[in-house]
Structure formats: structure tokens, C-alpha cells
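The chain contents come next:
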Amino acid sequence: MAIAPRHSRRSSIDIWPGFVDALSQLLMVIIFILLVFTAGQLYLSAALSGRNQALQKLQHQVDELANLLSLEKQANSKLTQGAANLSAQLASVEAERAKLKAQVADLGLQAQAAAGLKTELAAEQQKNSQAQTEIAGRDTRLAALSSRADKAEQALAAEKRVSSDALARVDALNAQIVALREQLTRIAAALDLSEAKAKTQEAKIADLGKKLNLALVNKVEELSRYRSEFFGRLRDILGDRPGIRVVGDRFVFQSEVLFAPGSADLTDDAKKALDPVIAALKDIAAKIPPDIDWLLRVDGHTDHRPISNAQFPSNWELSTARALSVVRYAISQGIPAERLAAAGFADLQPIDPADTPEAYRKNRRIELKLTER
């Protein structure tokens, strides 16, 4: 009664490892595609951020140039106004000079007419000398004003040249801004196209996942059919031999049938017991399609009594060595090595947990399982 649940659990077909492997591979493909898509989006976002920073920098330069142009215009206006004021002062000085010249002429006439009036003439000459001195001072001021007017005109011409250069730079910056906006438009179009392609790829991946799941189910069902045929044929060949039985999807040899106590070497009787199994496997293997990646797994088990000697330090080594002996004999009989696997489980998967000789005998066993890689 204690063994029945274990046998019932072993009778189910173990398709989950292959199914989980396929799902994990599919998940890795999806993650890889999502990483590629995410990297593309990050790259485009970085490019757009760089463009926006360049636009902001150019806009800042345009604002600075506009402020500079406004200041230059204000300075130009002030210089123009100063030149006008200087011109007005020059005209006023010229008028005063003409007036003084007229006064000098009148004084000369008066001196000729009043030659006898030396005192008045001397006074007039003194006035004339003072007037000439004042005229000389005004001439000097007029020359200074003319020089300032020339300098103002030169500064105005220089400001006009600077303003012209600034306008040319503004035009060039506007042209660059237009070009950058066109590039942003092209980048946005490329991003839209990339998103459309990503959606199409997601749909294809979903469809491939469905097809893969269907193919896995078909392969598992097909391998299950060959497994049933293999174990059915073994039942017919071996019959009710003691120490050998078929349990669900496993073929179980008691260790006493194949090995001497504490040994991992196959006896001659063990090889005779294995020959029908190997022959049936070779017959079934010839029928299995090449696209089904089948595998015969040989599992070694011991009881929980520890072993420790120079050859086998623990039950792990003993169970693994026995499984390897069966694998080597199967290879020598023509089973491809790539279709075989050996595993040692020591005493960690007992059939009967009781501490009795009968439980020890049940737990010491070699299990053969036809499965998928």
C-alpha cells in the first residue's frame, strides 16, 4: 500500500522539462528583441535630446546677437544725434565767425575814416586783436569739433559694418535652425516606422510561439507513442522475470540482477538480461524520426546504508559507476553514445523508506527511462 502512490506518480509522462526549456528559449528570444527595440529607442531619444540642446544653444546665440544688435543700434542713434549736434554747433560757430569778420571790416573802414582818432583806433585795434584772438579760439574749437565729427562718422561706419555682420550671422543661424527642424522631422518619421516594425515583429513572435507550442506537443505525443511501444515490447519479451519490471515510463532492474554486492562491474548474466532491452531499443530507435531528440537515461540508486572504501567513497560514486557500466555496455552493443545518459542518485530517491532488508532490496536498482533531450 505504501508503494502505490510512488508508482502512480511515476506512471505520468514527464513532458514538462522539454516544455519549460522551449518556453525559456522563447522567452530569451523575446527579451533579446525587446532589448534591441529598447536600445533603438534610447539611441533615438539621445539623438533627439542632442538636437534639442543644439536648438536651445542656437536660440540663445540668436537672442544674444539680437541684444547686441539692439545695443549697436542705440549707440548708432546716439552717435547720429551727436553728429547732428556737432553740425549745429559748427553752423553756429561759422555764423559767429562771419559776424566777427563783418565787424572787423567795419572797424577797418572806421579806422581809415578816423585816422586822426588814434586813441579810438588803438582801442578799436585792441578790440580787433581781442576779436581775432576769440576767432582763433573759435577756429580751434571748430577744428576740434570737425575732428570729432570725422571720428563719429568713422565709428558710425564701423557700427554699420558690425550690424551687417550680425545680420549675416542671424541669417546663417536661421538657416541652421531650419535644417535642424528638417532633421527632427526625418527622425520622427524614422521613429514611427521603427514602432510599426516592432509591432509587426511582436505579432510574428506571438504566432511563432503558438506554432512552437503546437510542435512541442506533437513531438511529445510522438515520443510517448514510441515509448509505449518500447516498454510494451519489453513486457512481452521479459515476461515476469524476477528482479525486472516495467513501472510506468521506467524499466527497473534490481541491482542484484546486474551487479554483485558493492561492485559496479556487469556480470555475464547481467549482460544477458540487458541484451533484450538493448535489442528492443535498437529496433524502436530505427523507427523514431530524426527530428525527435530522444535519449535513454540510466539512473543508478542505492539503499541508505553508507559505503566507504578505496573504490567508492560514498553511495554517490557507487550509484554513478553502476549507471556508467550499463551505458558503456549499451554503447558497445551499438547504441549511439549521444543517445545515452548516466545519472547517480545515491540513496536520495528511495522506493520504500522502511529500514528492512526488503526495502533495501527494492531501493537498490537501475532504472532506464526513454525521454526527450
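Residues numbered from 1 in each chain as written. Predicted model: local features only at pLDDT ≥ 70, side-chain atom pairs only at ≥ 80, totals over all residues. Heavy atoms only, no water.

Peer 1: Mind showing me how you'd approach the overall build of the protein chain here?
Peer 2: Within the protein chain, the regular secondary structure consists of 7 helices and 5 strands. The secondary structure elements of the protein chain, listed N-terminal to C-terminal, are α-α-α-β-β-α-α-β-α-β-α-β. Relative to its 373 residues, the protein chain shows a buried fraction of 31%. For the protein chain, the proportion of contacts with a sequence separation of at least 24, taken over those separated by at least 6, is 77%. Surface summary for the protein chain: the accessible area is close to 22900 Å², and the carbon and sulfur share equals 58%. (Helix = DSSP H or I, 4+ residues; strand = E, 2+ residues; numbered from the N terminus. Buried < 20%, exposed > 50% of the residue type's maximum accessible area, 1.4 Å probe, protein only. Contact = heavy atoms within 4.5 Å. Areas by Shrake-Rupley, 256 points an atom, 1.4 Å probe, with all protein chains shown as cover.)

Peer 1: What should I look at first to understand helix α5 (residues 268-287) in this one?
Peer 2: Residues separated by three or four positions in an α-helix point in the same direction, a consequence of the helix having 3.6 residues per turn. For α5, spanning 20 residues, the distance from its first C-alpha to its last is 29 Å, which sits close to the expected 28 Å at 1.5 Å a residue. Residue L274 marks the point of greatest curvature in α5, where the axis turns by about 30°; the proline P276 follows within four residues. All of the buried residues along α5 are A270, A273, L274, P276, V277, I278, A280, L281 and I284. (Expected span 1.5 Å × (residues − 1). Bend = angle between axes of the 7 residues up to and from the residue.)

Peer 1: Explanation requested: the pairing of strand β5 (residues 365-372) in the structure shown.
Peer 2: Side-chain positions along a regular strand alternate between the two faces of the sheet. In terms of burial, β5 is largely enclosed, as 7 of its 8 residues are buried. Bridging between strand β3 (residues 294-301) and β5 involves 8 bridges; their strand directions are antiparallel. Within β5, the position partnered with D299 by the bridge is E367. (Pairing = 2+ DSSP bridges.)

Peer 1: Sorry, what's going on with empty space enclosed by the protein here?
Peer 2: Over the atoms rolls a probe the size of a water molecule, and in doing so it shows where empty space is left. Using the criterion set out here, one finds 3 cavities of 30 Å³ or more in the structure. Considering only enclosed or pocket space, the largest cavity measures out at about 60 Å³ in volume. Along its surface, the largest cavity is lined by L274, V277, I278, L281, L296, V298, V326, A330 and L368. Elements with a contribution of two residues or more to the lining of the largest cavity: α5, β3 and α6 (315-332). For the lining of the largest cavity, a count of residues per class yields 9 nonpolar, no polar and no charged. (1 Å grid on protein atoms, 1.4 Å probe; cavity = no way out; pocket = protein on both sides within 12 Å on 5 of 7 lines; lining within 4 Å. Points joined across faces, edges and corners; volume = space filled by probe spheres on them. Nonpolar A, V, L, I, M, F, W, Y, C, P; charged D, E, K, R; others polar.)

Peer 1: Is there a simple way to think about the pattern of salt bridges in this case?
Peer 2: For side chains bearing opposite charge, pairing can occur when the charged atoms are close. Across all of its chains, the model carries 6 salt bridges by this definition. One salt bridge in this structure joins D299 and R297, with 2.9 Å as the shortest N-O distance. By relative accessible area, which is 1% here, D299 ends up buried. D303 is the partner of R305 in a salt bridge, and the nearest nitrogen-oxygen pair spans 3.0 Å. (Salt bridge = Lys/Arg side-chain N within 4 Å of Asp/Glu carboxyl O.)

Peer 1: Any chance you could explain the side chain of Q254 here in plain terms?
Peer 2: Along the chain, the position of Q254 falls in strand β2 (residues 250-254). A polar side-chain atom of Q254 sits 2.4 Å from the main-chain carbonyl oxygen of R361. (Polar contact = N/O pair within 3.5 Å; in protein donor to acceptor, adjacent residues only side chain to side chain.)

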